[in-house]
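# Structural features, examined
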Amino acid sequence: MYDDKTAGQPVRELDALIVGAGFSAFSLMNKLRKQGLSAKIFEKAPASGGIWHWNQYPGARVDSDTPIYQLFEPELYEDFTFKERYADSKDLKRYFQHVEKKWDLLKDIEYNRNVDAARFDEARNKWLVECSDGTKVRCRWFVLTIGFASRRYVPKMKGLGDFRGEMYHTAQWPQWGVNLKNKRIAVIGTGASGIQTIQEAGPDAKSLTVYQRTPNMCLPMNQRPLDPVEEEKKKADGVYARAHRESYTTFSGFTFDFHQQDTFDATPEERERLYHRLMIEEGGFRFWFGNFRDFLFDEAANDEGYNFWRKTVLARVPDPEKAALLAPEKKPHPWGTKRASLEQNFYEVVSQPHISIVDVNKNGIAEITETGIRTADGVLREFDVIVLATGFDAVTGGLASLDVRGTDGSTIGEHWRNGLRTSMGISLNKFPNLFFTYGPQAPTAFANGPTCTQIQGEFIDKAVQKLRQEGITRFEAKKEVEDEWGEKVKEKWYGSLFPQAKSWYQGANIPGRRVEPLNWVGGVPAYIQALNDSLENNFQAWHTDGLDKLTTRISSSL
Ligand code: N01
């Protein structure tokens, strides 16, 4: 392996190989092509969309609204309009097909191509990449755009393989769908995937039992269909373009930002008014990232928000037992320190009598049997379908599982054996000429996806362009920059309330995994600044071959 003389297929030469066909890949491919690079996207699925290809569970839709959940090029939105404010997975598939067509991407995407392993060829300063079907590629630039949720998580449960009914993980839902009507359904997990599945499948189910460990502090989505005429007018009036520009200037890459006042500097009436406007009138994540600026950083401020949120939920759930499980008096963690989901009628659906909630903290899952789920109290509930909405080994899991080895022979997972380290959430020491997007130590989980990935794509494009102009063939993140960036990531994280939740944001959802901050919570503008500073100052964060002037240490201006 990794030898031109190896028997089998010949090694193909490319300038750039991009792995995974989602937003990041599409946006980057368009840019690299404009530079004149020969580039391909290898995708293990039979279609594009990344997470939107796999996430076909009932009710799957995005929690970012139009117009920011798309690529920002006007040529793409001039003749495409989403059907709803928050697009569902089918409409997102339609969108990916539109972009494929518009940019003539299909000729450069190879589906069912699973990148299996890669080694850096020191003599050529190129990556040699091998796919599980034997395809071999040599490329100068190797970009992993596999997203933060490419490795699903199934908890160890006794008897998991014994169930005779149907069992699906939400992230591996059959593309042809599953008929859930009049079925007895169990849903384990109440993250975004669980909430949407319950909301969608609940009304038509014979019965639905929710196995809840932590209540999801859901927010109203305020979903509505989009009027195509109105949207065209918005495009013509520059509303889309303004929203896209704005998303680069806000903490979370949305079109709104924290309210520039502390919670207790407002009167109780003012607080109530702001909460109401953000949550009820405007909806979406505004209550999360448009709230008082101390909301996610100060315990008492957070309590105020929690109490308001709880009041709204209690008003919608008449059954006191269910209400106590869904919106407990004592909050399990500060509001917003775990991912809030957007709901349309979730609280009304779970209030229906054929839907029940089992609190697995008090009454854990003892075993899965041939016919259902037995809890610690000995009760066996029988089901036709069990839905595992149990999430992902998120942010790091996908990258860490690849057999991509750096110059010291370590995989990415091994590179992180003593703690997560990256240079600005985009590259790694000992992995020259390799970039990744929408992964660890970047705004990832706290940013609108397309905003984050386009910012990173722009950086990669500019970096590659500059390196090529200067004839530089090797580009490697400095170890000390990984150290510094890691410290900055920690400083931001531990200055917030986020560490208090047992969340996937810090790997706490995977038993035995080291708990550490996986995301940059310093905001999108500071992240852009960090990348730009390095780019504009001759790649302060990276070593490059041959040019001594490019090896200044990173500035402290982040
Ligand atoms: O996964 P999750 P997800 N016994 O990890 C529970 C994005 N996304 O697929 O909270 C019982 O959030 C676990 O319990 P707890 C989005 O960023 C977006 O829902 O750890 N329960 C939790 O309730 C999202 O945040 C969209 O106590 C167990 C659930 O399983 C991210 O992907 C849609 C358990 C897992 O929730 C992940 O979302 C879908 C056990 N042993 C996904 N183990 C939209 O934009 C785990 N759980 C709409």
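Residues numbered from 1 in each chain as written. Predicted model: local features only at pLDDT ≥ 70, side-chain atom pairs only at ≥ 80, totals over all residues. Heavy atoms only, no water.

As annotated in an unreviewed UniProt entry, the chain carries the name Cyclohexanone monooxygenase and is attributed to Phyllosticta citribraziliensis. In its Cofactor (unreviewed entry) section, the UniProt record describing the chain reads: "FAD". (UniProt positions renumbered as here; feature names shortened; annotations may be inferred.)

With that settled, the discussion passes to the overall build of the chain. The number of helices and strands found in the chain is 17 helices and 20 strands. For the chain, the C-alpha radius of gyration of 24 Å lies close to 24 Å, the compact-globule estimate for 558 residues. Seen through its C-alpha atoms, the chain measures out along the principal axes to roughly 70 × 55 × 50 Å. For the chain, the residues scored as buried account for 59% of the 558 residues in total. A fraction of 72% describes how many contacts in the chain between residues 6 or more apart in sequence connect residues 24 or more apart. By element, 48% of the accessible surface of the chain is carried by carbon and sulfur atoms, the whole surface being about 22100 Å². Charge separation in the chain, taken as the distance between the mean sites of 73 positive and 76 negative side-chain charges, equals 3 Å. (Helix = DSSP H or I, 4+ residues; strand = E, 2+ residues; numbered from the N terminus. Rg over C-alpha atoms; globule rule 2.2 N^0.38 Å. Buried < 20%, exposed > 50% of the residue type's maximum accessible area, 1.4 Å probe, protein only. Contact = heavy atoms within 4.5 Å. Areas by Shrake-Rupley, 256 points an atom, 1.4 Å probe, with all protein chains shown as cover. Lys, Arg positive; Asp, Glu negative; His and termini not counted. Charge placed at Lys NZ, Arg CZ, Asp CG, Glu CD.)

Turning to the site of the ligand, a few remarks are in order. Taken together, 24 residues surround the ligand, and among them Arg61, Thr190, Ser193, Thr214 and Lys338 come closest. A distance of 2.8 Å is found between an oxygen atom of the ligand and a backbone nitrogen or oxygen belonging to Thr190. For the ligand, an oxygen atom lies 2.8 Å from a polar atom in the side chain of Arg213. When isolated, the ligand has an accessible area of 910 Å², and the protein chains bury 88% of it. It is helix H5 (residues 192-201) that provides the largest number of residues to the shell around the ligand, a total of three residues. (Near = heavy atom within 4 Å. Polar contact = N/O pair within 3.5 Å; in protein donor to acceptor, adjacent residues only side chain to side chain.)

This brings us to the sheet that holds strand S7 (residues 166-169). What the five strands build is an open sheet, ordered S7-S16-S8-S9-S12; its pairing is parallel. Two strands close off the open sheet at either side, each with one partner strand: S7 and strand S12 (355-359). Taken pair by pair, the neighbouring strands of this sheet meet at an average axis angle of 15°, ignoring direction. Where strand S8 (residues 184-188) meets strand S16 (residues 385-388), four bridges bridge the pair, whose relative direction is parallel. The residue of S16 that forms the bridge with Val187 is Val387. Against the sheet, H5 touches S8, strand S9 (207-212) and S16, its axis set at about 160° to S8. (Pairing = 2+ DSSP bridges. Axes fitted to C-alpha atoms, helices over the stretch in contact; angles between N-to-C directions.)

Next up on the list: unusual backbone geometry. For the peptide bond that leads from Thr66 to Pro67, omega is 10°, which places it in the cis range. Assignment of secondary structure puts Pro67 in the loop between helix H2 (51-54) and helix H3 (74-77). A positive phi is found at Asn112, a non-glycine position, where the angle reads about 55°. Within the element layout of this structure, Asn112 appears in the loop between strand S3 (109-110) and strand S4 (115-121).

With that settled, consider the domain arrangement of the chain. What the domain assignment reports for the chain is domain 1 (2-48 + 105-151 + 394-544) and domain 2 (166-388). Contact with domain 1, which involves 23 residues of that partner, is made by 22 residues of domain 2. Both faces considered, domain 1 and domain 2 share a buried interface measuring about 1800 Å² in area, 62% of it formed by carbon and sulfur atoms. Inspection of the region where domain 1 meets domain 2 yields zero salt bridges. The tally of links between domain 1 and domain 2 comes to nine residue pairs in polar contact (both at pLDDT 80 or more). Counting residues per element, the side of domain 1 that touches domain 2 draws most heavily on helix H15 (residues 449-469), at four residues. (Domains from an automatic or database assignment. Buried area = accessible area lost by both parts, 1.4 Å probe. Salt bridge = Lys/Arg side-chain N within 4 Å of Asp/Glu carboxyl O.)

H15 packs onto helix H1 (residues 23-34) with a crossing angle of 30° between their chain directions and a minimal axis gap of 9 Å. When the interaxial angle is binned, H1 and H15 end up roughly parallel. Read as a crossing pair, H1 and H15 show a hand that is right-handed. Counting all contacts with H1, which are made through Phe23, Ser24, Ser27, Leu28, Lys31 and Leu32, the residues of H15 involved are Pro450, Thr453, Gln454, Gly457, Glu458, Ile460 and Asp461. Of the residues belonging to the contact of H1 with H15, the class tally is five nonpolar, five polar and three charged. (Parallel < 35°, antiparallel > 145°, perpendicular 65-115°, else oblique. Left-handed = near helix turned anticlockwise from the far one by under 90°. Nonpolar A, V, L, I, M, F, W, Y, C, P; charged D, E, K, R; others polar.)

The next subject is the sheet that holds strand S14 (residues 372-375). Strand order in the open sheet formed by three strands is S13-S14-S15, with antiparallel pairing between adjacent strands. The open sheet is flanked by strand S13 (365-368) and strand S15 (380-382), the only strands paired with a single partner. Adjacent strand axes in the sheet meet at a mean angle of 25°, parallel and antiparallel pairs treated alike. Both S14 and S15 contribute to a ladder of three bridges, which runs antiparallel.

Here the focus is the pattern of salt bridges. When charged atoms on two side chains of opposite charge get close, those side chains can pair. Under the counting rule described, the total for this entry stands at 46 salt bridges. Notably, a salt bridge pairs Glu367 with Lys158, separated by 3.9 Å at the nearest N-O pair. Of this pair, Glu367 sits in strand S13 while Lys158 sits in the loop between strand S6 (136-144) and S7, placing them 209 residues apart in sequence. By relative accessible area, Lys158 is classed as exposed at 58%. Linked through salt bridges whose partners overlap, the residues forming this network are Asp65, Arg85, Arg277, Glu282 and Arg286.

What follows covers the packing of helix H8 (residues 268-282) against helix H10 (residues 299-314). H10 packs onto H8 with a crossing angle of 60° between their chain directions and a minimal axis gap of 11 Å. As far as their axial angle goes, H10 and H8 are oblique. Here H8 and H10 pass one another in a crossing that is right-handed. Together, Arg271, Glu272, Tyr275, His276, Met279 and Ile280 of H8 and Ala301, Glu304, Gly305, Phe308, Trp309, Lys311 and Thr312 of H10 make up the contact between the two elements. Each residue belonging to the contact of H8 with H10 can be placed in one class, and the counts come to six nonpolar, three polar and four charged.

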